[in-house]
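Below are the chains, spelled out letter by letter.
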Amino acid sequence: MSDNRQSLSDLGAIAGDQAQQPTADAAAAAEAPAPVAAQPVTPLREQEIDKQGRAYATGRRKDAVARVWLKPGSGKIVINGRDQEVYFARPTLRLVINQPFDVAARQGQYDVICTVKGGGLSGQAGAVKHGISQALARYEPALRAPVKAAGFLTRDSRTVERKKYGRAKARRSFQFSKR
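Quick notes on the rules
Residues numbered from 1 in each chain as written. Predicted model: local features only at pLDDT ≥ 70, side-chain atom pairs only at ≥ 80, totals over all residues. Heavy atoms only, no water. Core = buried A, V, L, I, M, F, W, Y, C linked by side-chain atoms within 4.5 Å. Buried < 20%, exposed > 50% of the residue type's maximum accessible area, 1.4 Å probe, protein only. Helix = DSSP H or I, 4+ residues; strand = E, 2+ residues; numbered from the N terminus. Contact = heavy atoms within 4.5 Å. Polar contact = N/O pair within 3.5 Å; in protein donor to acceptor, adjacent residues only side chain to side chain. Expected span 1.5 Å × (residues − 1). Phe/Tyr/Trp six-rings, centres within 6.5 Å; stacked < 30°, edge-to-face > 60°. Pairing = 2+ DSSP bridges. Salt bridge = Lys/Arg side-chain N within 4 Å of Asp/Glu carboxyl O. Axes fitted to C-alpha atoms, helices over the stretch in contact; angles between N-to-C directions. Parallel < 35°, antiparallel > 145°, perpendicular 65-115°, else oblique. Left-handed = near helix turned anticlockwise from the far one by under 90°. Nonpolar A, V, L, I, M, F, W, Y, C, P; charged D, E, K, R; others polar.

Caption draft 1: Looking closely at the nonpolar core. In terms of nonpolar packing, the biggest core is built from 30 residues, with Leu70, Ile79, Ile97, Phe101, Val112, Cys114 and Leu136 touching the most fellow members. At the level of elements, strand 1 (55-61), strand 2 (64-72), strand 3 (77-79), helix 4 (91-104), strand 5 (110-117) and helix 5 (121-139) are the ones that each hand at least two residues to this core. Considering every element that reaches this core, the biggest residue donor is helix 5, with eight residues. Filtering out sequence-adjacent residues up to four positions away, Ile79 remains in contact with Gln84, Tyr87, Phe88, Ile97, Cys114 and Val116.

What follows is the structure, given as structure tokens:
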């Protein structure tokens, strides 16, 4: 084997020789835009689907728990056997449910079948949104990044504060009587 050790001065001489002899490749490289710094690529998770081709996830918000099945389709959302317009009559609640699809740019591409228990309508809508987000990330792992950046994969842990003894509600005191 030959010994090809070079010093810094040898390296400077080589760089100087290349700088004096521009080539067609160097001219093309000068015209091309500078490469963008590559971000570390995180490996994608595996797609998690069942035998029927659906992704399952559980969503939670306040006291509500939603079980969500997601499959490719026409964009129909069924909650407890009823259409979303019937179950969530308020447009704001339907808007909350459709947020994950808007962020992922997948409006009208997936059918959702959902059962939800507990809590009120607002909590149930939040639970369905959480479940849809989780199921979307499981069906298409590439969508996990935008859905997570929007904060839809994180369970909202805020719940009602418990009532304390000696008080009317959690913090409200009984009305003070001077006499």
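There is more to say after this.
Caption draft 2: Quick peek at the side chain of Arg61. Structurally, Arg61 can be placed in strand 1. Of the polar contacts made by the side chain of Arg61, one reaches the backbone oxygen of Arg158; its length is 3.3 Å. Among all residues touching Arg61, those that are not within four sequence positions of it are Gly123, Gly126, Ala127, Arg155, Asp156 and Arg158.

Caption draft 3: Region of the structure containing helix 5. With 19 residues, helix 5 ought to run about 27 Å at 1.5 Å a step, and its terminal C-alpha atoms sit 26 Å apart, in line with that. Burial analysis of helix 5 places 16 of its 19 residues in the buried class, the great majority of the element.

Caption draft 4: Representation of the packing of aromatic side chains within the structure. Evaluation of the coordinates by the stated rule reveals four aromatic pairs. Note on Tyr87 and Phe88: the rings are 5.0 Å apart at their centroids and 85° apart in plane angle, and the pair reads as edge-to-face. For Tyr87, a relative accessible area of 13% corresponds to the buried category. Ring centres 5.5 Å apart and planes at 75° place the aromatic pair Tyr110 and Tyr139 in the edge-to-face group.

Caption draft 5: Here's a closer look at unusual backbone geometry. We note that Asn80 has phi near 50°; this positive angle belongs to a residue other than glycine. In this fold, Asn80 is placed in the loop between strand 3 and strand 4 (82-83).

Caption draft 6: Representation of the pairing of strand 1. Burial of the side chains of strand 1 is restricted to one face: Ala55, Ala57, Gly59 and Arg61 are buried, whereas none of Tyr56, Thr58 and Arg60 on the reverse face is. Relative to strand 2, strand 1 is paired through seven bridges, and the arrangement is antiparallel. Residue pairing in the sheet places Ala55 in a bridge with Leu70 of strand 2. In sequence, strand 1 turns back onto strand 2 through a hairpin of two residues, with Lys62 there showing a positive phi of about 50°.

Caption draft 7: Seen up close, the pattern of salt bridges. Evaluated as defined, the whole model comprises seven salt bridges. The partner of Lys164 in a salt bridge is Glu161, with the nearest N and O atoms 2.8 Å apart. Note on Glu161: relative accessible area 38%, which makes it partly exposed. Put simply, Arg61, Asp156 and Arg158 are held in one network by salt bridges that share partners.

Caption draft 8: A look at the packing of helix 4 against helix 5. Axis separation between helix 4 and helix 5 bottoms out at 8 Å; the angle between their running directions is 15°. Classified by the interaxial angle, the pair formed by helix 4 and helix 5 is roughly parallel. Where helix 4 crosses over helix 5, the two elements pack in a sense that is right-handed. On the side of helix 4, the interface is formed by Leu93, Val96, Ile97, Gln99, Pro100, Phe101 and Ala104, while helix 5 contributes Leu121, Ser122, Ala125, Gly126, Val128, Lys129, Ile132, Ser133 and Leu136. The class makeup of the residues in the contact of helix 4 with helix 5 is eleven nonpolar, four polar and one charged.

Caption draft 9: Inspection of the side chain of Gln134 at higher detail. You can see Gln134 is positioned in helix 5. For Gln134, the contacting residues outside a window of four places in its chain are Ala57, Thr58 and Leu153.

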